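Architecture at a glance
The primary structure of each chain is shown beneath.
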Amino acid sequence: MLDDIKAVAFDIDGTLYPSSSLYVRLLPYIIKHLRFYLHYNKVRRQMHRTAPLPDFYEYQARLFAESKGCSVSEAKKIIKKVAYDGLKPYFQRIKPFKYVTETFKALHKNGYKVALLSDFPPQQKGEIWGLIPYCDLILGTEQLGALKPSKYPFGIMANALELESSQILYVGNSIKFDVEGAANAGMKTALIISKLKRIFSKKAKKADILFSNYRQFLNIVL
């Protein structure tokens, strides 16, 4: 199944680090900005269902402005301040899953192209835990104009890697956004999922590979 794979691409949030580590740290921040997130989460749900846009940030701001009752320019400033810039310091305290660095090194050493494709700006994570030197491509879906599970950002990534979609293995933690989105674009998929969730999740079987830690993932791929 993996004989034709020439690139491995990864989601970031919840895939390279445990979501729980971030949520625990973010709780006071979210409570402080609760009214913002009530509007913003509503907007993001709609953005996940929106076709590719020539200006993602403009449309996102318009939806937020309508929901909150403010101007579009004010909406852009608020989103940048709270959702983008405001979260940067929190990622400096987050550690990736065990064996993530070893996995990137091994894939790079064994001739695979390595990519990141995230719904939130990758640069928000700073140096991305030292993984940048092992990456051939780093993309944010917002800058491409459409969030996952749209096939569009996956197609852009495949073109940028100069590969067929079937030659790419996409790794994520969301069945709906990562697994189904990448599979609909013609890619192989891998889902990081706890052993307990694996037992109770019927949809997890949609992924070609299921794994609980990166040492296990690396053994499967290599």
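**What about the overall build of the protein chain?**
Of regular secondary structure, the protein chain possesses 11 helices and 6 strands. The C-alpha radius of gyration of the protein chain comes to 18 Å, within 12% of the 17 Å expected for a compact globule of 222 residues. Considered along the principal axes of its C-alpha atoms, the protein chain spans approximately 55 × 35 × 35 Å. Taken over 222 residues, the protein chain has a buried fraction of 50%. Counting contacts in the protein chain only where the partners sit at least 6 residues apart, residues at least 24 apart contribute 62% of the total. Carbon and sulfur atoms make up 53% of the accessible area of the protein chain, which amounts to about 11800 Å² in all. Across the protein chain, the 34 positively charged side chains and the 19 negatively charged ones have centroids separated by 8 Å.

**A short note on the pairing of strand β2 (residues 113–118)**
Here β2 lies mainly inside the structure; 5 of its 6 residues are buried. Here strand β1 (residues 7–10) pairs with β2 via 4 bridges, running parallel. Note that in β2 the partner of V8 across the bridge is V114. Sheet topology note: the β2/strand β3 (residues 137–140) ladder contains 4 bridges and is parallel. Looking at the pairing, L116 lines up with I138 of β3.

**Focus on the sheet that holds strand β4 (residues 168–172)**
If you trace the 6 strands from one edge of the open sheet to the other, you get β3-β2-β1-β4-β5-β6, paired in parallel fashion. Each edge of the sheet is formed by a strand with only one pairing partner; in this case those strands are β3 and β6 (209–211). This sheet shows a mean twist of 20° between the axes of neighbouring strands, independent of strand direction. By the bridge criterion, 4 bridges tie β1 to β4 in an arrangement that is parallel. Bridge pairing in β4 places F10 opposite V171. Contacting β1, β4, β5 (188–192) and β6, helix α11 (residues 214–221) crosses the sheet at an angle of about 150° to β6.

**Comments concerning the nonpolar core**
V8, F10, L16, F36, F104, Y214 and F217 are the most contacted members of the largest nonpolar core, which totals 54 residues. In terms of residue count, helix α4 (residues 72–84) provides more of this core than any other element does, 6 residues in total. Non-local contacts of F10, meaning those with residues more than four positions away in its chain, are made with L16, T103, F104, L107, V114, A115, L116, L117, Y170, V171, Y214 and F217. Counting residues in each nonpolar core, the second largest holds 17 residues, with A115, L144, L163 and Y170 among its members.

Rules used throughout
Residues numbered from 1 in each chain as written. Predicted model: local features only at pLDDT ≥ 70, side-chain atom pairs only at ≥ 80, totals over all residues. Heavy atoms only, no water. Helix = DSSP H or I, 4+ residues; strand = E, 2+ residues; numbered from the N terminus. Rg over C-alpha atoms; globule rule 2.2 N^0.38 Å. Buried < 20%, exposed > 50% of the residue type's maximum accessible area, 1.4 Å probe, protein only. Contact = heavy atoms within 4.5 Å. Areas by Shrake-Rupley, 256 points an atom, 1.4 Å probe, with all protein chains shown as cover. Lys, Arg positive; Asp, Glu negative; His and termini not counted. Charge placed at Lys NZ, Arg CZ, Asp CG, Glu CD. Pairing = 2+ DSSP bridges. Axes fitted to C-alpha atoms, helices over the stretch in contact; angles between N-to-C directions. Core = buried A, V, L, I, M, F, W, Y, C linked by side-chain atoms within 4.5 Å.

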